[in-house]
Amino acid sequence: QKEAAIIMACRNREKAEQALARIKSEVPGARVDLVQLDVANLTSVRECAAKVLGQYERIDVLINNAGLMMPPLQRTADGFEMQFGTNVLGPFAFTGLVLPRLLRAQGSRVVWLSSVAHWRGRIDFDNLNAETGYGKWNAYAQSKLANLMLAYEMERRLRRSDASTLSLGAHPGGTKSDLARNNAALAFLNKITGAFLNATEEGAMPSVRAAVDPAAMGGDYYGPSGFATFTGPAGKQRSSQYSHNEAIAARLWQACAELTGVRYLDRTLATLSELRLE
């Protein structure tokens, strides 16, 4: 009811248009635009960011929602391991490219989607690109941990830059979706336990709370409040001790900048002031 204008940045145009039609049928006056974005392709990331910069004067909230879970070993268009490229590098680059519009909006927010799986994750700097071996569970957990560590690291950099933009994390818990389609055993388990999982609308609520809750603060992490933060109403949650390691997070940020060629929030305050005007 806030009359916000929504930008749906989607890879699959057909599915995006179907989703848009459902939104319009439920909220006839909804203001929703579609833009093409494949976060597994840095050329697409740059093209979409350029379009957004050209069409919109400000961005109040960016939700980095793209997610891929446990596929066989695949490579992105740029040669990155697919889960790290899709879940981490694409969103990292897109965030940096549209940052000027975020900085224009007082109190704007960036929400990074993580997962309960981050608890088992570790950042393997010697194998970020799965060049010395690939385990799809470990790669997924690493990517979701990376999302959360980037959320925390971005928040620290924003505070050092005296920006009003906030960076937060969120995770959906156990949700009835097709995210596990690449893992037959997990997909079967989801069917069996489906009655105990959150509906997709409930799974979206942690992201919504992180995006618009007036009480939310930079560095907060939202997820379901039920057993093991797997189901239940959205609320603030804690994350693993590893996710708060500032030295590893700073190294990860630098690695993402080098791999994508997109650098941001490592500049002076004067440069950041100029960035707001771009």
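Residues numbered from 1 in each chain as written. Predicted model: local features only at pLDDT ≥ 70, side-chain atom pairs only at ≥ 80, totals over all residues. Heavy atoms only, no water.

*Asks:* Sorry if this is basic, but what is going on with the packing of aromatic side chains here?
*Replies:* Under the counting rule described, the total for this entry stands at 4 aromatic pairs. Between Phe92 and Tyr264, the ring centres sit 4.9 Å apart and the planes meet at 40 degrees, which makes this aromatic pair tilted. Of this pair, Phe92 sits in helix α3 (residues 82-104) while Tyr264 sits in the loop between α7 (246-260) and α8 (269-276), placing them 172 residues apart in sequence. You'll find Phe92 and Tyr264 in the same group, each marked buried. Summarising the aromatic geometry, the rings of Trp137 and Tyr140 are spaced 6.3 Å apart at their centres and angled 75 degrees between planes, so their arrangement reads as edge-to-face. Of this pair, Trp137 and Tyr140 both sit in helix α4 (residues 136-160), separated by 3 residues, roughly a single helical turn. Taken together, the ring pairs connect Phe92, Trp253 and Tyr264 into an aromatic cluster. (Phe/Tyr/Trp six-rings, centres within 6.5 Å; stacked < 30°, edge-to-face > 60°. Helix = DSSP H or I, 4+ residues; strand = E, 2+ residues; numbered from the N terminus. Buried < 20%, exposed > 50% of the residue type's maximum accessible area, 1.4 Å probe, protein only.)

*Asks:* Honestly, the pairing of strand β4 (residues 109-113) in this entry has me stumped. Any pointers?
*Replies:* Note on strand geometry: in a regular strand, side chains alternate between the two faces of the sheet. With respect to burial, β4 is a largely interior element, 5 of its 5 residues being buried. Burial of β4 is two-sided: the residues Arg109, Val111 and Leu113 facing one way and the residues Val110 and Trp112 facing the other way are all buried. Here strand β3 (residues 61-64) runs beside β4; their pairing, made up of 4 bridges, is parallel. Its bridge partner lying in β4, Val61 is registered against Arg109. Since β3 and β4 lie parallel, the crossover through α3 that links them has a hand, and here it is right-handed. Pairing analysis gives 5 bridges linking β4 to strand β5 (residues 166-170), with the strands arranged parallel. When the sheet's bridge partners are listed, Arg109 is paired in β5 with Leu166. Crossover connection from β4 via α4 to parallel β5: handedness right-handed. (Pairing = 2+ DSSP bridges. Right-handed = clockwise from strand over helix to strand, strands pointing away.)

*Asks:* When you look at the pattern of salt bridges in this model, what are you seeing that I'm missing?
*Replies:* Pairing is possible between side chains of opposite charge, provided their charged atoms come close. Inspection of the entire model under this criterion finds 8 salt bridges. Between Glu17 and Arg13 there is a salt bridge, with the nearest N and O atoms lying 3.2 Å from each other. A residue pair is termed a helical-turn pair when its members lie 3 or 4 positions apart in one helix, as Glu17 and Arg13 do in helix α1 (residues 13-26) at 4 residues. Using a relative accessible area of 42% as the deciding quantity, one classes Glu17 as partly exposed. The residue Lys236 makes a salt bridge to Asp220 at a minimum N-O spacing of 3.1 Å. Taken together, the positions of Lys236 in strand β7 (residues 234-236) and Asp220 in the loop between α6 (200-212) and β6 (221-224) put the pair 16 residues apart, joining distant regions of the chain. Its relative accessible area of 14% is what places Asp220 among the buried residues. Counted as one network, the salt bridges with shared partners bring together Glu153, Arg156 and Arg157. (Salt bridge = Lys/Arg side-chain N within 4 Å of Asp/Glu carboxyl O.)

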